[in-house]
Structures are given as C-alpha cells and as structure tokens.
Amino acid sequence: MTTPALLPLSGRRLPPLNLGASAFPHHRATLRLSEKFILLLILSAFITLCFGAFFFLPDSSKHKRFDLGLEDVLIPHVDTSKGGKNLGGFLIHGQGHDEHRHREEEERLRNKIRADHEKALEEAKEKLKKSRDEIQAEIQTEKNKVVQELKKKDSKPLPPVPLPNLIGINSGEPADPDIREKRNKVKEMMKHAWNNYRQYGWGHNELKPIARKGHSTNIFGNSQMGATIVDALDTLYIMGLHDEFREGQEWIDKNLDFSVNSEVSVFEVNIRFIGGLLAAYYLSGQEVFKIKAVQLAGKLLPAFNTPTGIPWAMVNLKSGVGRNWGWASAGSSILAEFGTLHMEFVHLSYLTGDPVYYNKVMHIRKLLQKMDRPNGLYPNYLNPRTGRWGQHHTSVGGLGDSFYEYLLKAWLMSDKMDTEARKMYDDAIEAIEKHLIRKSNGGLTFIGEWKNGHLERKMGHLTCFAGGMFALGADGSRDDKAGHYLQLGAEIAHTCHESYDRTTLKLGPEAFKFDGGVEAVAVRQNEKYYILRPEVIETYWYMWRFTHDPKYRQWGWEATQAIDKYCRVSGGFSGVKDVYSSSPTYDDVQQSFFLAETLKYLYLLFSNDDLLPLDNWVFNTEAHPLPVLHLANTTLSGNPAYR
Ligand code: DMJ
C-alpha cells in the first residue's frame, strides 16, 4: 500500500513515498495509526526545514543589493556608456578592483552576521536554562525600567514662572455668628459628600450615594480618573480641609494616569480636570498638580487635528483619535465645548512657556471672528470638517453658555488687556439682549432659545449662570451701561429664584417655561429634575459680591436647606427626579460639580469678600479659581520662559 502523495505548503509536489509493506516487510500491510502519526511528524519536520531554508536562508542576490547599497556604487541615472550595468534605475560599476573590495566587504558582513547569530543563539540557550518564573521576573524588570524612564521624562520639571499675585486664598471668616454658622453648615455638607465618596467611590469618577459605589458617565468614557477628587480639591483647600486635600493630592500623585484607552469629552476634561488641577496648583503651590495638568493637556491636543482646527468633542486618551457626539447636528462640534478652553489653555502656555495651547484657542477665536453670524448670534453647532455652522440654534444655556462666559473671562483674566475678547463679548451680549431676552406677562425677565427661526420661551437651569455673568461684565461694558447690566443680572437672579420658589422642594427644575399662562415652571416630566446643579447659586454669589443685598444670602440659605433636606442621604448627596413631588425619588448620582461648584459658591456666599477676591481671581466654568495674569499683552510675553 502507498500513502497518498503529500503536498508541501509551497505547492511543489514531492515524489510519493512508499511507506507500505515493501518498505517495512516485517510489518503488516497496513500501518498502525501511531506509527503513521510518527512518520507524518518526521516528514512534516523535514518539510518545515526545507521550507525554512528556502525562505529564510540569506539570499545572496539580496545581500549583494544590500552590500552595494552601503557603498557609493549605487548611483542613480549614471550614463551607461561608461561601462557600467544599469540595474533598475541604479548603476553598478564592474571594475576588477571594486569587485575585490566588494567581496571583502561581503565576507566581513557575513562574518558579522554569523557572529551575531551565534551570540543570539547563546543568549537563547542561557534563557532556556532559566525557569519560567525567572524569565517572567526579568521581563517585568525590563518593563519597570521602561515605565520609570517614561515617568522621569513626563515628570521633568517645567520652566520656572513668576507666580501671579495670589491673595485671599484662606481667609474670609465672617464676623457675624449667624453667617459663620451657615458657612460651617456648608463645610459640614462638603465633609459629608467627600467622606462618603472616599468610603464608597474612591478613585471612581463619581459616587452613587444610595447604591454606595462608584459611578461614571460617558463624558469620562470607561476611565476611572477620580473626577470627584480633582474637582473637589480647591473647595477642600479654601474650606481649610487640609487633611482631605492631602489625601486627594496623594491619590493624584500615585494613581492619576492619563494613558488610558478611554474616549473622554475634551470640554469636560478641560473644565474639571485641567481647571481643577491648575487651581489646586495655584492655591497650594504643589508641583504635582501642574505636571499632571500639562500631561493631560498633551493628551487632549490630538483632538484639534481636524481640517479646521475646531476640536472634536471627544478624544481617545490613548490613541488620540477624535470624533463628535452622534446626536450633534450634522457631525458638528459644540460651541460651548470648543469655546470653553481659552482660560485653561492660556494658563497652560503661561506655566509651560509653550505657545501650543495658546495658539490652539486663538485659532478658534480667529475662525469664529471671520464667520457670518445670523442676527449677530453664534449658533450652537459648527462642523469641524467644513467650518460651516450646523443648525442655527442659539442658546445661552446648554450647548452655548460657557462660550460667552469665556469671552468675558478671557478679558478679565488678562488683566483687561485682551480687548478683542471683550469686544466679542459685548457684541454677543447685545445680540442676545435683542433677540433672546424677553419679559414674561408676569414681569419675569427670561432668556429664551432661538430654534428653527423662532424664539422658544423656555429657560434652562444652566442658563441661570448668566445673571452672574451680566453682573461680572457690568464694569467695563460698552457705553458705560454698568448699571443696566447689573440690573439685568438682578432680574435673571430673581427669575431663577422664582423657578426654585414655585416648586414643592424649593429646588429648581432643569428647564422652565414662560408660555400659555405658565411662568418659571417646568411643564414636561423630563424637565422636572434637579441634579445638584450650581448655576442659580453661582448667580446669587456674584450678585452678593456686587450688591451686598442680603436677599442673595437669604436665597442661598433657602437652597442650602432644601439640598440638605431633600438631596442628602446617608451615603452622600443625590439628585432628585421631580422637584414638584413631595415624595421625590433619587437619581442616585453625586455629581462631581456639586463639590466643585455648588458647595464652593455657597461657602463663598457666606464668606467675606477677601476670600478669592474677584480683582485677582477668575473662576472657570467649573468654579475653579485661576489668578489674573498681569501680562503686558495676550501673547504671554510676561512669561520669561515664553520669550
Ligand atoms: C458644570 O460642569 C459646568 O458649570 C458647566 O459649564 C455646565 N454645567 C455643569 C454643572 O451644571
């Protein structure tokens, strides 16, 4: 019996092998299975050897090319009439002396390759003598070395920069015992929020205070970057909670790592993480915060690699691949997202001396300046591929809000030198007043939204921050309309207070209408929730600072009590799903901005004005205070490292 002819992988047919009775006469005509298997094994080893030799042994023709490539005999486009041979566009000189030299060189290289192979073989033999554990330990040591090197590289000290005048970072104790008590109550609430997060959610982005475990939303992808820790740091600091601050610092130092395969929101990471880290750095002077902020900023930069330089909404921190939210109009980026990077990025350039951050945000500004604006308004959607507006929706609330805020704050943060930003702010506010701000039948001033060619008479909780913005921008306004803007701020504060006061829980809904007899009340069920948002309290605080009208402290105290009564649970603080229901259900999320903003603004409201004075500090949109940079101009020439 003969075995079937075997086909090697190369496809070349081998002669049939006679493995039957005539090859092994003392065997039975049919071979047993195990014997067949062994023979097959030997055969396949032989074939593999031939195959390996055929493909992997050095090919002398290739060597020739390689060797020649090392010499200067490969001369492109030389005249062949001079005795050379043309080889694929290159010319080889065929002189006897040269050939001798080539043979020697070839021999030398062969010897070197042989020696290298032998060395590699020896090393492999040595390795094989070691146990699996020893080999693994060696690999681990190598890995650790690389990690250490990378860490050293990442943590190299940044150029020294003269720090701006940091005043009013830990005072503010009110003389009035009643106000002191209120301030202490807010501090106690902060401790409750922090301690529970530390106990049940430590290292996670946020806390689920009822389930008592970590929580994260899609804005941070699948990362565990301790958003609450970073967001809360400066609040802990100004409240004098230094042990808690140190715990947070230690976690950041040891665990905050941005090389994670996670798709995050550029805007949220910027305002919460970079803003939080920068504020913690300025307040405490601890280098680790600055270093981490700069590392993280480097991870956001690939988001700007779009045809227009308008960044993607999201970026993968590891791969640098960016994209936009699926729900955004025609693949657009969002005004309030790409327009809320300026403050942090200017500080990054200031601190590092690297203009890259500054250039990115100035590029966005220049692009926006050149664009047509319908009715002088900035639509919420802009396509980063085409540079064209998406849907013409305009809002001072969600999707638009902090873009306007950052125009004003860019000017304030530059010690009022960035007049271009101030002009853009003034122009925008004039258009907003003309097209979006109205008075309701009941006399409440509200800011509506421009949608599909008409004004929607609805205002969001988010929009309530604008009261504070108008008050903050009053001084320095065009045509000296300071009184007018302070008044506008007061009216918005009043309307937003009404939206709280007209609920059962005395907490504001997510959105409220001014339509068909309804005034400052939510109509749709999915707009009745309160998720511990800060905007109304933020406006109370600014209005308090600029007017010292006691009603703002009163309103702030009402909100404090309502939060403590209806949002406090034993595992922290939770949002509620319906502010009009006397038995509210919880959403089971303790948002990081509750610690960063809501509690900070309340604490400041019950502190003296010398705590973080507004002449020296500008708060980013997540309430992280950044110092005013007293620069000669906005090119950051004040920073010696930059010059
Ligand atoms: C915060 O993260 C910031 O204030 C942002 O600008 C919008 N809103 C949330 C809190 O409501």
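Computed from a predicted model, the values in this text were never measured in an experiment. The residue numbers shown here count from 1 along each chain, following its written sequence. Local features in this predicted model are restricted to residues whose pLDDT is 70 or higher, and side-chain atom pairs enter the listing and the counts only when it is 80 or higher, whereas totals over whole chains, interfaces and linings include all residues. Computation of side-chain values covers all heavy atoms of the structure but excludes hydrogens and water.

It suffices for a single heavy atom of a residue to lie within 4 Å of a molecule or strand for the residue to be listed as near it. Neighbouring residues of the ligand: Ile-271, Arg-272, Leu-462, Arg-533, Pro-534, Glu-535, Phe-593, Glu-597, Thr-621 and Glu-622. As used in this structure description, the phrase polar contact means that two N or O atoms lie within 3.5 Å; if the pair is within protein, one of them must be able to donate a hydrogen and the other to accept it, and residues adjacent in sequence are counted only when both atoms belong to side chains. Between the ligand and the protein, one listed contact pairs an oxygen atom with a side-chain N or O atom of Arg-533 at 2.7 Å. At 2.6 Å, a side-chain N or O of Glu-622 approaches an oxygen atom of the ligand.

Quick look at helix 6 (residues 227-238) now. Think of it in three bands: residues with accessible area under 20% of the maximum for their type are buried, residues over 50% are exposed, and the middle band is partly exposed, with areas taken using a 1.4 Å probe on protein chains only. Put simply, DSSP H or I for four residues or longer makes a helix, DSSP E for two residues or longer makes a strand, and each gets a number counted from the N terminus. Taking burial as the measure, the twelve residues of helix 6 include twelve buried ones, the bulk of the element. A positive phi of about 75° marks Gly-240, the residue just after helix 6.

With that out of the way, let us pick up the UniProt feature "binding site: Ca(2+)" (unreviewed entry) in the protein chain. The sites that carry the UniProt feature "binding site: Ca(2+)" (unreviewed entry) are, in the present numbering, Thr-621. In this structure, Thr-621 sits in the loop between strand 20 (617-619) and strand 21 (625-627). Throughout, a residue-residue contact means that at least one pair of heavy atoms, one from each residue, lies within 4.5 Å. With residues up to four places along the chain from it excluded, the contact list for Thr-621 reads Phe-267, Ile-271, Thr-340, Ser-402, Glu-405, Tyr-406 and Glu-597. In this structure the side chain of Thr-621 is engaged in a polar contact, spanning 2.9 Å, whose partner is the side chain of Glu-405. UniProt positions are given in the numbering used here, feature names are shortened, and annotations may be inferred rather than shown by experiment.

What follows deals with the environment of Tyr-404. Relative to the assigned elements, Tyr-404 resides in helix 13 (residues 401-413). Through-space distance from the C-alpha of Tyr-404 to that of Ile-429 is 8.1 Å; in sequence the pair is 25 residues apart. Not counting chain neighbours up to four residues away, the residues in contact with Tyr-404 comprise Leu-335, Tyr-378, Thr-394, Ser-395, Tyr-425, Ala-428, Ile-432 and Met-469. Engagement of the side chain of Tyr-404 in a polar contact is seen with the backbone oxygen of Tyr-378, the distance being 3.5 Å.

By this rule, a helix spans an expected 1.5 Å times one less than how many residues it contains. The end-to-end C-alpha distance of helix 7 (residues 242-255), which contains 14 residues, comes to 19 Å, matching closely the 20 Å that a straight helix rising 1.5 Å per residue would cover. Inspection of helix 7 places Glu-244, Phe-245, Gly-248, Gln-249, Trp-251 and Ile-252 among the buried residues, and these make up the whole buried set. Angular distribution of buried residues about the axis of helix 7 spans 160°; they occupy a single face of the element. Residues of helix 7 that are exposed and point more than 90 degrees away from the buried face comprise Asp-243 and Lys-254. Where helix 7 is buried, its residues meet helix 5 (177-201), helix 6, helix 8 (266-284) and helix 9 (287-300). What the arc describes is the spread of directions from the helix axis to the C-beta atoms.

Moving on, we come to the pattern of salt bridges. In the sections that follow, a salt bridge refers to a side-chain nitrogen of Lys or Arg positioned within 4 Å of a carboxyl oxygen of Asp or Glu. Under the counting rule described, the total for this entry stands at 37 salt bridges. The shortest N-O distance in the salt bridge between Arg-110 and Glu-106 comes to 3.2 Å. Pair noted here: Arg-110 and Glu-106 are both in helix 3 (residues 96-129), with a separation of four residues, about one helical turn. Accessibility expressed as a relative area gives 23% for Glu-106, which makes it partly exposed. Note that Glu-188 is salt-bridged to Lys-185, the shortest N-O span being 3.0 Å. Placement of the pair is Glu-188 and Lys-185 together in helix 5, with a separation of three residues, close to one helical turn.

Relative orientation of the contacting elements helix 8 and helix 9 amounts to 160°, with a least axis distance of 8 Å. In this view, helix 8 runs roughly antiparallel relative to helix 9, as classed from their interaxial angle. Helix-helix and strand crossings are classified by hand; for helix 8 and helix 9 the assignment is left-handed. Between helix 8 and helix 9, the contacting residues are Val-266, Val-269, Asn-270, Phe-273, Ile-274, Leu-277, Leu-278, Ala-280, Tyr-281 and Ser-284 on the first element and Glu-287, Phe-289, Lys-290, Lys-292, Ala-293, Leu-296, Ala-297 and Leu-300 on the second. Note on residue categories: nonpolar means Ala, Val, Leu, Ile, Met, Phe, Trp, Tyr, Cys or Pro, charged means Asp, Glu, Lys or Arg, and polar means any other residue, Gly included. Across the contact of helix 8 with helix 9, the residue classes break down as 13 nonpolar, two polar and three charged. Working convention: axes come from line fits to C-alpha atoms, limited for helices to the stretch in contact. Angles between N-to-C directions cover 0 to 180 degrees. For classification, angles of less than 35 degrees are called roughly parallel, those exceeding 145 degrees roughly antiparallel, those between 65 and 115 degrees roughly perpendicular, and all remaining angles oblique. Rotating anticlockwise by less than a right angle from the far helix to the near helix defines a left-handed crossing, while the corresponding clockwise rotation defines a right-handed one.

All right, on to the packing of helix 6 against helix 8 then. Two numbers describe how helix 6 lies on helix 8: the axes approach to 8 Å, and their chain directions differ by 30°. The orientation of helix 6 relative to helix 8 falls into the category roughly parallel. Judged by the twist between their axes, the crossing of helix 6 over helix 8 is left-handed. When helix 6 is examined against helix 8, the residues Ala-227, Val-230, Asp-231, Leu-233, Asp-234, Tyr-237 and Ile-238 are found in contact with a partner set consisting of Arg-272, Phe-273, Gly-276, Leu-277, Ala-279, Ala-280, Leu-283 and Ser-284. Here the contact of helix 6 with helix 8 is built from residues that sort into ten nonpolar, two polar and three charged.

On to the packing of aromatic side chains. Classification of ring pairs rests on two measures: the distance between centres of Phe, Tyr or Trp rings, Trp counted by its six-membered ring, which must be within 6.5 Å, and the angle between planes, read as stacked under 30 degrees, edge-to-face over 60 and tilted in between. On inspection of all chains with the given rule, the structure shows 24 aromatic pairs. With 5.1 Å between their ring centres and 70° between their planes, Trp-541 and Phe-619 make a pair best called edge-to-face. Here the residue Trp-541 occupies a position in helix 17 (residues 535-547), and Phe-619 occupies one in strand 20, the gap between them amounting to 78 residues. Pair check on accessibility: Trp-541 and Phe-619 agree, each one buried. In textbook terms, an aromatic cluster arises when at least three aromatic residues are bridged by ring pairs, as seen for Trp-541, Tyr-542, Tyr-601 and Phe-619.

In this section: the sheet that holds strand 15 (residues 458-460). If you walk across this open sheet you meet the three strands as 15-16-17, and the pairing is antiparallel. Edge strands, defined here as strands with exactly one partner in the open sheet, are strand 15 and strand 17 (518-521). In this sheet, adjacent strand axes meet at a mean angle of 15° when their direction is disregarded. Strands qualify as paired when DSSP identifies two bridges or more between them. Direction of pairing for strand 16 (residues 511-515) relative to strand 17: antiparallel, over a ladder of three bridges.

Once that is clear, we can look at the nonpolar core. Counting residues in hydrophobic clusters, the biggest one holds 157 residues, and the most contacted among them are Phe-470 and Ile-563. A total of twelve residues in this core trace back to one element, the largest contributor, which is helix 8. The contact partners of Phe-470, leaving out residues within four places of it in the chain, are Tyr-425, Ile-429, Ile-437, Ile-447, Tyr-485, Leu-488, Gly-489 and Ile-492. In this structure, Ala-313, Trp-325, Ala-328 and Tyr-381 belong to the second largest nonpolar core, which totals six residues. The nonpolar core is taken to be a set of buried Ala, Val, Leu, Ile, Met, Phe, Trp, Tyr and Cys residues, with the residues joined through side-chain atoms within 4.5 Å.

Following the sequence through the fold, Gln-249 ends up in helix 7. On the basis of relative accessibility, which here comes to 15%, the residue Gln-249 falls in the buried class. Gln-249 has contacts with Leu-233, Gln-286, Val-288 and Phe-289, leaving out every residue within four places of it along the chain.

A separate point is the UniProt feature "active site" (unreviewed entry) in the protein chain. Per the UniProt record, "active site" (unreviewed entry) is annotated on Glu-268, Asp-401, Glu-510 and Glu-535. Here Glu-268 shows up in helix 8. The class for Glu-268 is buried, based on a relative accessible area of 13%. Residue position: Glu-510 is located in the loop between helix 16 (482-501) and strand 16. The contacts of Glu-510, once residues within four sequence positions are left out, are Gly-460, His-461, Glu-527, Tyr-529 and Arg-533.

This next bit is on the confidence of the model for the protein chain. Confidence in the prediction of the protein chain, expressed as mean pLDDT, is 84, and 77% of residues score 70 or more. A low-confidence stretch, residues 50-95 (pLDDT under 50), is modelled with 43 contacts involving residues beyond four sequence positions or located in other chains. For every residue, the predictor states its confidence as a pLDDT score lying anywhere from 0 to 100. In the predicted structure, residues 637-643 sits below a pLDDT of 50 and forms 20 contacts with residues beyond four places in sequence or in another chain.

Among the structural elements, Thr-228 can be located in helix 6. Thr-228 sits in the buried class, given a relative accessible area of 1%. Within the structure, the side chain of Thr-228 is placed 2.6 Å from the backbone oxygen of Asn-205, a separation counted as a polar contact. The residues touching Thr-228, leaving out its near neighbours within four places in the chain, are Trp-194, Tyr-197, Asn-205, Glu-206, Ser-592 and Leu-595.

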